[in-house]
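# Observations on the three-dimensional arrangement
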Protein chains: 2
Amino acid sequence: MNAEIVAIGTELLLGQNVDTNSSWIAQQLALLGVDVYAFQSVGDNEKRLETALRLACERSQAVITTGGLGPTVDDVTRKVAARLSQKQLVFHENIAKVIQDRFAHFRPGRPFPQVNLNQAFIPQGATVIPNANGTAPGFIAKVGKSHLACLPGVPSEMKAMFEETLKPFLKSLSPGGAVIKSRVYRTTGIDESALNEKIADVFENSTNPTIGVLAHWEGVDIRLSAKAESVEKADALIEELGRVLTTRLPNFIYGWDQDGLETIVGRMLTTRQMTLATAESCTGGLISHRITQVPGSSHYFLRGYVVYGNEAKKDALQVDAQLIRKKGAVSLEAAEALAANVRKAAKADIGLSTTGIAGPTGGTPEKPVGLVYIGIADEQSAQAFEFRFTGNRDTVKKRASQAALELLRRHCLQLPPKD
Amino acid sequence: MNAEIVAIGTELLLGQNVDTNSSWIAQQLALLGVDVYAFQSVGDNEKRLETALRLACERSQAVITTGGLGPTVDDVTRKVAARLSQKQLVFHENIAKVIQDRFAHFRPGRPFPQVNLNQAFIPQGATVIPNANGTAPGFIAKVGKSHLACLPGVPSEMKAMFEETLKPFLKSLSPGGAVIKSRVYRTTGIDESALNEKIADVFENSTNPTIGVLAHWEGVDIRLSAKAESVEKADALIEELGRVLTTRLPNFIYGWDQDGLETIVGRMLTTRQMTLATAESCTGGLISHRITQVPGSSHYFLRGYVVYGNEAKKDALQVDAQLIRKKGAVSLEAAEALAANVRKAAKADIGLSTTGIAGPTGGTPEKPVGLVYIGIADEQSAQAFEFRFTGNRDTVKKRASQAALELLRRHCLQLPPKD
């Protein structure tokens, strides 16, 4: 089975909103073994939407749209879907009731806007996709030989509706088809070309799984995609090649798929019953923000300091004024002192620190923008390491936060700090 | 003139990479008065790419592609562009030289991979778009009556090439054409339906500028898009309607376009020569991270504390143990104490604090997930306010950080803390 995805909304074509829905749906479709032919994005324009959907329905067995299901005249998806499926839009009393009840619950006392009832119209004969998280239901209409599934554009609503209704429907269309399964091996601390050298021959000799490489601020991701007749067989193919990757890159792979490094180190600290405190200068709180994105992080993350100015470093974390005068606030020594002192102040097992120059200003020939020192301390010792990151302020902060978490991961695993 | 944008790469259709290039290009095209008809995304597949480009070139005067210009067999854009423009691919010695020199500079001593020379082939007669930041040059080929411009997929390379070469080229195609200019008025602290009630009549009566509304965690954005014969006239149309919006929503509009609230409050603190310190519990460092995203924030941001555990609140910021026992760490009183105490500790003009329940666990019937207290203190007093946010852990953190920055903005402007 093949499918395509159409994102609807003038804000997309004006570049005011990035379409993340299509990617998410594509990931789900790949897991179902559905081959995605193309994405299209079109504006809130009946004629152009009709052209896009007609093309998609002609060449693909399933077409999934997001957006354009709101209550206003802008929202043309229902109308165009009805026309393509050669049916009338019919009013559903039960949907109207849900919409009215929802409104009364969330906006008690306010008059119900009649325009909202537009969302209760669905092409005749279409399957309704209930929306537990919002007002607009979706639907699946038959257009020629194709199935046209229309979902709202709000990601949380769309995702729940896909999972609960559309996914089982799509599965029922192609029982026993081939499955495409992907796994991403996530690496950090090694650049794309050095990584390539280590695994180039693996690349060349593998056709199933196929291998793709993608570099971004978190590191370099290696994607293995296997096609097989079952999820189990696809998994086995991935496992086999994955073992080769793990052997070639023993210290660099920190996780799989959506694993963030903050989640990985969180698990390590939890199983080791170790606690953490952070002292951040140039990363400005990004490390503690990332650590606290993980549910349950309060069990191991005790506290963080964002010691942005020199006063804060001296006063909040007792970094020696003379050290700062002699070596500078951006120095190996300052990073070491910050890591050691925050560990003590918080009575934590590990202290982690950053100090550097995020830019765009503040660099000098000796200490350029992108220079960051990262410190780590435990009961035995404190150590710091020098990094030079490229990119703008945001990228330097992100890369420094990633390198700090990686240093922590390697510390937990007793790996060398850098390879 | 109208245009469309085609993003190329199998990783897009597998959902492993979100296409942000198309949005960026669309923004630039809107500024040039170019109407964007559609986006398409296709995989690294010659036949499908040819179908997509043929369709695009038939209906649009300019077609811009990103991706598929790498050196490997995967990268089919050059080949397909040559076929559509009915020309041969020809080898450019000078491009080959640039590619070789670049490789020698960045990978000194490594043998030059001959495959890289594939990037020196360009369709005959096409205009080369030099790439100052990478190896793959782009080009503009004529396909029927349409101009097909092919750019690499790496955002930094693509953006520089668009600015330097493609933008002047597109301008030269339609001198004196109509301009579409947009401005986004950014609001926070008011929900979409309450905002709608305040400006519904403005919506209904305006056709130029058109008005669009988009809600997300930062708040509700109102986009005005004006079409006129010059940038100045479009600006004037936007100004006029913008004044109406500002009158209707006097306290809610915090900025324009890409303005982040962290940038706005940064400017306010700078002009007022005021300093800030933060004490974050549930937001975990996100507020200080956002504040320090702004270049120059070291001038007003002194330090931040991430007091995640109760011990940290008591020990690092002297929140009274009895207060925590009686009222709880998530309470108006704790937020007030955190704001007051961090202000004193940092010797700052303003202290800003958060304490709440980000979820997914930790909620109780009295103190559910999403309950957040935000405190603000100055020399005179400390005050805290209760908020209830919906969404997952990430969204609660983000919304709380936005509400805290908004409280700070309103404090700087001496506006009521909430409307």
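Note that the structure is predicted; figures quoted are calculated from it, not measured.

### Let's talk about the overall build of chain A
Check the secondary structure of chain A and you find 14 helices and 17 strands. Along the first, second and third principal axes, the C-alpha atoms of chain A reach 80 × 60 × 40 Å. Taking all contacts inside chain A whose residues are at least 6 apart in sequence as the whole, residues at least 24 apart take part in 66%.

### Considering the relation of the copies chain A and chain B
Each of the two copies of the chain can be brought onto the other by a rotation about an axis and a shift along it. After a rotation of 180 degrees and a shift along the axis of 0.5 Å, chain A superposes on chain B with an RMSD of 0.6 Å. Such a combination of turn and shift is consistent with a two-fold rotation axis. Interface residue correspondence from chain A to chain B reaches 98%, placing this contact among same-surface, isologous pairings.

### Quick look at the confidence of the model for chain A
Summing up the model confidence of chain A, the mean pLDDT is 93 and the portion of residues at 70 or higher is 99%. Interface predicted TM-score (ipTM) for the complex: 0.78; the corresponding pTM is 0.79.

### Side note on the pairing of strand S10 (residues 210-216) of chain A
Residues and elements named next belong to chain A. Here seven bridges tie S10 to strand S11 (residues 219-228), and the two strands are oriented antiparallel to one another. Counterpart to Val213 in the pairing with S11 is Ile222. Counted between consecutive antiparallel strands, the loop separating S10 from S11 contains two residues.

### Focus: the domain arrangement of chain A
Residue and element names in this part refer to chain A. Domain boundaries in chain A define domain 1 (2-173), domain 2 (180-256) and domain 3 (261-412). Spacing between the C-alpha centres of domain 2 and domain 3 amounts to 30 Å. Grouping the constituent residues of the side of domain 2 that touches domain 3 by class yields two nonpolar, four polar and one charged.

### Points about the environment of A:His289
Relative to the elements of secondary structure, A:His289 occurs in helix H10 (residues 286-291). Sequence separation between A:His289 and A:Gly304 is 15 residues, and the spatial gap between their C-alpha atoms is 9.6 Å. Contact partners of A:His289, with chain neighbours within four places excluded, come to B:Gly284, B:Gly285, B:Leu286 and B:His289.

### Concerning the interface of chain A and chain B
Facing 56 residues of chain A, the contacting portion of chain B comprises 57 residues. Here strand S14 (residues 301-307) of chain A pairs with strand S14 (residues 301-307) of chain B via five bridges, running antiparallel. The residue of S14(B) that forms the bridge with A:Tyr305 is B:Tyr305.

### Some points on the environment of A:Asp74
Secondary-structure assignment places A:Asp74 in the loop between strand S3 (62-66) and helix H4 (77-84). Between the alpha carbons of A:Asp74 and A:Gly43 there is a distance of 9.6 Å; along the sequence they are 31 residues apart.

### Quick notes on the sheet that holds strand S7 (residues 138-143) of chain A
Read from one edge of the open sheet, 12 strands run S6(A)-S7(A)-S8(A)-S3(A)-S1(A)-S2(A)-S2(B)-S1(B)-S3(B)-S8(B)-S7(B)-S6(B), paired in mixed fashion. Every other strand in the sheet has two partners, leaving strand S6 (127-129) of chain A together with strand S6 (127-129) of chain B as the edge strands with one partner each. The mean inter-strand angle of the sheet, taken between neighbouring strand axes irrespective of direction, is 20 degrees. The sheet contacts of helix H2 (residues 21-31) of chain A involve strand S1 (2-8), strand S2 (35-42) and S3 of chain A, and relative to S1(A) the element is tilted by about 165 degrees. Across the face of the sheet, helix H3 (residues 46-59) of chain A comes into contact with S1, S2, S3, S7 and strand S8 (146-151) of chain A together with strand S2 (35-42) of chain B while running at roughly 175 degrees to S2(A).

### Things to note about helix H14 (residues 393-412) of chain A
The terminal C-alpha atoms of H14(A), which comprises 20 residues, lie 29 Å apart, in line with the 28 Å expected from a rise of 1.5 Å per residue. In terms of residue burial, H14(A) counts as a mostly covered element, since 14 of its 20 residues are buried.

### Observations regarding helix H7 (residues 192-205) of chain A
Look at H7(A): 19 Å from first C-alpha to last across 14 residues, which is about the 20 Å you get at 1.5 Å a residue. Of all bends in H7(A), the biggest is about 65 degrees, found at A:Ile199.

### Quick look at the sheet that holds strand S13 (residues 276-280) of chain B
Reading across the sheet, the 10 strands line up as S17(A)-S16(A)-S15(A)-S13(A)-S14(A)-S14(B)-S13(B)-S15(B)-S16(B)-S17(B) and stay open at both edges, with mixed pairing between neighbours. Two strands close off the open sheet at either side, each with one partner strand: strand S17 (382-388) of chain A together with strand S17 (382-388) of chain B. Adjacent strand axes in the sheet meet at a mean angle of 10 degrees, parallel and antiparallel pairs treated alike. As paired strands, S13(B) and S14(B) are joined by five bridges and run parallel to one another. Looking at S14(B), one finds that B:Ala277 is bridged to B:Arg303. Running over the sheet, helix H13 (residues 332-346) of chain A touches strand S13 (276-280), S14, strand S15 (350-356), strand S16 (371-377) and S17 of chain A and is turned about 145 degrees from S15(A). Contacts from helix H13 (residues 332-346) of chain B reach S13, S14, strand S15 (350-356), strand S16 (371-377) and S17 of chain B within the one sheet, and its direction differs from that of S15(B) by about 145 degrees.

Cut-offs used in this document
- Residues numbered from 1 in each chain as written.
- Chains lettered and ligands numbered in written order.
- Predicted model: local features only at pLDDT ≥ 70, side-chain atom pairs only at ≥ 80, totals over all residues.
- Helix = DSSP H or I, 4+ residues; strand = E, 2+ residues; numbered from the N terminus.
- Contact = placed C-beta atoms within 7 Å.
- Least-squares fit on C-alpha atoms with pLDDT ≥ 70 in both.
- pLDDT = per-residue confidence, 0-100.
- Pairing = 2+ DSSP bridges.
- Domains from an automatic or database assignment.
- Nonpolar A, V, L, I, M, F, W, Y, C, P; charged D, E, K, R; others polar.
- Axes fitted to C-alpha atoms, helices over the stretch in contact; angles between N-to-C directions.
- Expected span 1.5 Å × (residues − 1).
- Buried ≥ 20, exposed ≤ 12 C-beta atoms within 10 Å, placed from the backbone.
- Bend = angle between axes of the 7 residues up to and from the residue.

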